Amino acid sequence: MTIEEYAREVDLQDQLQQQYFKTRDRNVLQQSKAQERKVRQLTREILNHNLYNKHYSDMNNWNELRDRAYQTAKAHGFHKGDESVEHYLCLVVTELSEAVEADRKRKRANIYRYQVESVTPQAPDHIEKHKDFCFEAFIKDTLEDELADATIRLLDLAGMIDLDLSIMPSMVRLCDELTDLSDYQSATFTEHIFNILREIVKLHVSDAILCSLGSICSLAGFMEIDLAKHIELKMEYNNRRIH
């Protein structure tokens, strides 16, 4: 499949979504869902054939990600006052709520199209601006992007309290083992997020961070979302923003 053919399928998906939001016609909704499944399958096939550059972090070094998130937050004006842990946990809640809203509006990222469009030749002084434009067009404010934001907020908070995250690979495996496939299939995305919010509210802050990170990673894996890639892209985007 050529890039042009793939782009036409994505455009059709966007058109069906916009038509549904205007008409609320259930037939259009079914067509939109079918087209979304088709685009996801095409995307998986394209990625499996290595037609894009895989150079993103694999999230094995969680403490490095923690430090990057914390330093970026400080550079952008956070952690300059006496905000509490609860203050920053509430910011995590906000990002997860935005993920629910993105799911309700069926806003999903198109990582392949971003990869293709963001590397088109540009004048040297336009390269970074073009990357931002492509990020905002194909990824920003989508479900994947909001999950990445929530994860980055948790990493930032872990940096704030100097929480060791070396246990996270084991935590993610544990979350995968404790959650049956049927549990994921029987609940809505909103219900999964509600369960994560309960962990944030009920647990001690260190446990809340670890369990929430594990649950988000496990959920992303079930949804076939490359969370590591979206975290990397969002961190790069945040670093380019004016402080």
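To be clear, the structure that these remarks concern was listed above.
Residues numbered from 1 in each chain as written. Predicted model: local features only at pLDDT ≥ 70, side-chain atom pairs only at ≥ 80, totals over all residues. Heavy atoms only, no water.

Considering the overall build of the protein
Looking only at helices and strands, the protein has 12 helices and 0 strands in total. Starting at the N terminus, the α and β elements of the protein follow one another as α-α-α-α-α-α-α-α-α-α-α-α. Going through the 243 residues of the protein one by one, you find that 45% of them count as buried. A fraction of 82% describes how many contacts in the protein between residues 6 or more apart in sequence connect residues 24 or more apart. (Helix = DSSP H or I, 4+ residues; strand = E, 2+ residues; numbered from the N terminus. Buried < 20%, exposed > 50% of the residue type's maximum accessible area, 1.4 Å probe, protein only. Contact = heavy atoms within 4.5 Å.)

Remarks on the packing of aromatic side chains
Two numbers describe a pair of aromatic rings. These are the distance of the centres and the angle of the planes. Scanning the model with the defined rule gives 3 aromatic pairs in all. For the ring pair Tyr114 and Phe135, a centre distance of 6.4 Å and an interplane angle of 90 degrees mean the geometry is edge-to-face. Here Tyr114 is found in helix H5 (residues 111–117), whereas its partner Phe135 is found in helix H6 (residues 127–138), with 21 residues between them in sequence. Residue Tyr114 is classed as buried on the basis of its relative accessible area of 4%. For the pair Phe135 and Tyr237, a centre-to-centre distance of 4.5 Å together with 20 degrees between the ring planes defines the contact as stacked. With Phe135 in helix H6 and Tyr237 in helix H12 (residues 227–240), this residue pair connects regions lying 102 residues apart in the sequence. Using a relative accessible area of 0% as the deciding quantity, one classes Phe135 as buried. One aromatic cluster in this structure is built from Tyr114, Phe135 and Tyr237. (Phe/Tyr/Trp six-rings, centres within 6.5 Å; stacked < 30°, edge-to-face > 60°.)

Quick look at the packing of helix H7 (residues 143–160) against H12
For the pair H7 and H12, interaxial distance at closest approach is 9 Å and the crossing angle is 75 degrees. Relative to H12, H7 is oriented roughly perpendicular. Judged by residue contacts, Glu144, Asp145, Leu147, Ala148, Asp149, Thr151, Ile152 and Leu155 of H7 engage Leu227, His230, Ile231, Lys234 and Met235 from H12. (Axes fitted to C-alpha atoms, helices over the stretch in contact; angles between N-to-C directions. Parallel < 35°, antiparallel > 145°, perpendicular 65-115°, else oblique.)

Some points on the nonpolar core
The nonpolar side chains of soluble globular proteins are, as a tendency, buried together. Counting 43 residues, the largest nonpolar core has Leu96, Leu147 and Leu165 as its most contacted members. Breaking this core down by element, the ones donating at least two residues are helix H3 (62–75), helix H4 (85–104), H7, helix H8 (168–178), helix H10 (189–202), helix H11 (205–222) and H12. Broken down by element, this core gets its largest block of residues, 9 residues, from H7. Excluding its chain neighbours within four sequence positions, the residues that come into contact with Leu96 are Leu147, Ala150, Ile193, Ile196, Leu197, Ile200 and Ile216. Counting residues in each nonpolar core, the second largest holds 8 residues, with Ile111, Tyr114, Cys134 and Phe135 among its members. (Core = buried A, V, L, I, M, F, W, Y, C linked by side-chain atoms within 4.5 Å.)

What to know about unusual backbone geometry
In this structure, Asp162 is a non-glycine residue whose phi angle is positive, near 55 degrees. Structurally, Asp162 is set in the loop between H7 and H8.

Taken by themselves, the reported measurements are silent on function.
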